[in-house]
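Observations on chain architecture
Residues per chain, in single letters:
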Amino acid sequence: LYITGLSMGGYGAWDLIMRYPKKFAAAVPMSGGANVTNIAKILKMPIWNFHGVLDDVISVNQSRTLINEFERLGRETLYTHCKKSDCTGMLEDAIKTELDNGADLIYTEYPNGGHVIWSESYDYPYLLPWVFSKVASTQETVLEILEPNGGETWLTGSTQTISWNSENIGALKLEYSIDNGESWQTVSNSVQAANHAYSFKVP
């Protein structure tokens, strides 16, 4: 599911993703805003936010405040046009490269944009491919390790079994460490979680 909203709908989009952070795969609010109180709930959600510097209905500071709060909490932002009053902007090829490399918090602030920026925003060539590349599951994934319980010593050459309970997990990557987690070695890159157990020979 994807959500977008314009003006009052921009407020609505922000409000809904904060209320239901697991429901949407991506959000595209435009010319809106929100209270930053619940922003930690959506720290990992892909968001492309649009606003115009000359918006005389909903101040651009509404969007700037949200983006600043994301950054204060450690999230990186891709600024396509204006960045903190510097409206030099990025070259189109550079924007595409950043999107291809996984940018998932994008802020487009048009230097000459007012409140009604929706046509150019929805027509922005990279927006829809970016949106439809995002997927999310509303199912909660659960993994509970049954064995080992921790603290066991495994001898080289012995055969050991790892067992677990799992829900909504397709495959697991199993690794082991002999130096308390400083480095890790792969046991298997793809174990079907539905099998609930895996036996292997300790190297």
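Look a little higher up for the structure.
Residues numbered from 1 in each chain as written. Predicted model: local features only at pLDDT ≥ 70, side-chain atom pairs only at ≥ 80, totals over all residues. Heavy atoms only, no water.

On to the packing of aromatic side chains. Between two aromatic rings, the relevant description is the distance of the centres plus the angle of the planes. According to the stated counting rule, one finds ten aromatic pairs in the structure shown. Note on W48 and Y124: the rings are 5.6 Å apart at their centroids and 75° apart in plane angle, and the pair reads as edge-to-face. Taken together, the residues span a long stretch of sequence, with W48 in strand β3 (residues 47-52) and Y124 in the loop between α4 (118-122) and α5 (127-132) at a distance of 76 residues. Look at Y79 and Y107: their rings are 6.1 Å apart centre to centre, the planes differ by 75°, and that puts the pair in the edge-to-face class. Here Y107 lies in strand β5 (residues 105-110) and Y79 lies in strand β4 (residues 78-79), a separation of 28 residues in the sequence. Both residues of the pair, Y79 and Y107, count as buried. Three or more aromatic residues joined by ring pairs form one cluster here, namely W48, F50, Y110, Y124, Y126 and W130. The positively charged end of R75 is found above the aromatic ring belonging to F70, 5.4 Å away from the centroid. (Phe/Tyr/Trp six-rings, centres within 6.5 Å; stacked < 30°, edge-to-face > 60°. Helix = DSSP H or I, 4+ residues; strand = E, 2+ residues; numbered from the N terminus. Buried < 20%, exposed > 50% of the residue type's maximum accessible area, 1.4 Å probe, protein only. Lys NZ or Arg CZ within 6 Å of the ring centre and 35° of its normal.)

In spatial order, the strands read β6-β7-β10; together these three strands make up an open sheet with antiparallel pairing. Looking at strand neighbours, the two that pair on one side only are β6 (142-147) and β10 (197-201), the edges of this open sheet. For this sheet, the mean inter-axis angle between neighbouring strands, taken without regard to orientation, is 25°. Bridge count between β6 and strand β7 (residues 159-167): five bridges; the pairing is antiparallel. Looking at the pairing, V142 lines up with E167 of β7. (Pairing = 2+ DSSP bridges. Axes fitted to C-alpha atoms, helices over the stretch in contact; angles between N-to-C directions.)

If you trace the five strands from one edge of the open sheet to the other, you get β1-β2-β3-β5-β4, paired in parallel fashion. A single partner strand is all that each edge strand has here, and the edge strands are β1 (2-6) and β4. When β3 meets β5, the two strands line up parallel, connected through six bridges. The residue bridging W48 from the neighbouring strand is I106, located in β5. Lying over the sheet, helix α1 (residues 8-19) contacts β1, β2 (26-30) and β3, oriented at roughly 145° with respect to β1. Running over the sheet, helix α2 (residues 60-72) touches β3, β4 and β5 and is turned about 155° from β5. (Contact = heavy atoms within 4.5 Å.)

The end-to-end C-alpha distance of α1 is 16 Å, a good match for the 16 Å that twelve residues give at a rise of 1.5 Å each. Every buried residue of α1 is listed here: G10, A13, W14, I17 and M18. In an axial view of α1, the angular spread of the buried residues amounts to 125°, which keeps them on one side of the axis. Exposed residues on α1 whose side chains face more than 90 degrees from its buried face are M8 and R19. If you follow the buried residues of α1, they end up packed against β1, β2, β3 and α2. (Expected span 1.5 Å × (residues − 1). Arc of directions from axis to C-beta.)

Attention now goes to the environment of A197. Topologically, A197 is positioned in strand β10. With 36 residues separating them in the primary sequence, A197 and T161 have C-alpha atoms 6.7 Å apart. In contact with A197, other than residues within four places in its own chain, are T161, I162, S163 and W164.

Our focus in this paragraph is α2. Between its first and last C-alpha atoms α2 spans 18 Å; for 13 residues at 1.5 Å apiece the expected length is 18 Å, and the two agree. For α2, the complete set of buried residues consists of V60, S63, L66, I67, E69 and F70. Where α2 terminates, the next one or two residues include G74, which has phi positive at roughly 100°.

This paragraph deals with unusual backbone geometry. In terms of backbone geometry, most residues other than glycine have negative phi values and most peptide bonds are trans. The omega angle of the peptide bond from E147 to P148 is 0°, so this bond is cis rather than trans. Structurally, the position occupied by P148 is in the loop between β6 and β7. The backbone phi angle of S31 is positive, close to 50°, even though this residue is not glycine. Tracing the chain through its elements places S31 in the loop between β2 and β3. With a phi angle near 75°, S85 is a residue other than glycine that sits in the positive phi range. Mapped onto the fold, S85 is located in the loop between β4 and α3 (92-100).

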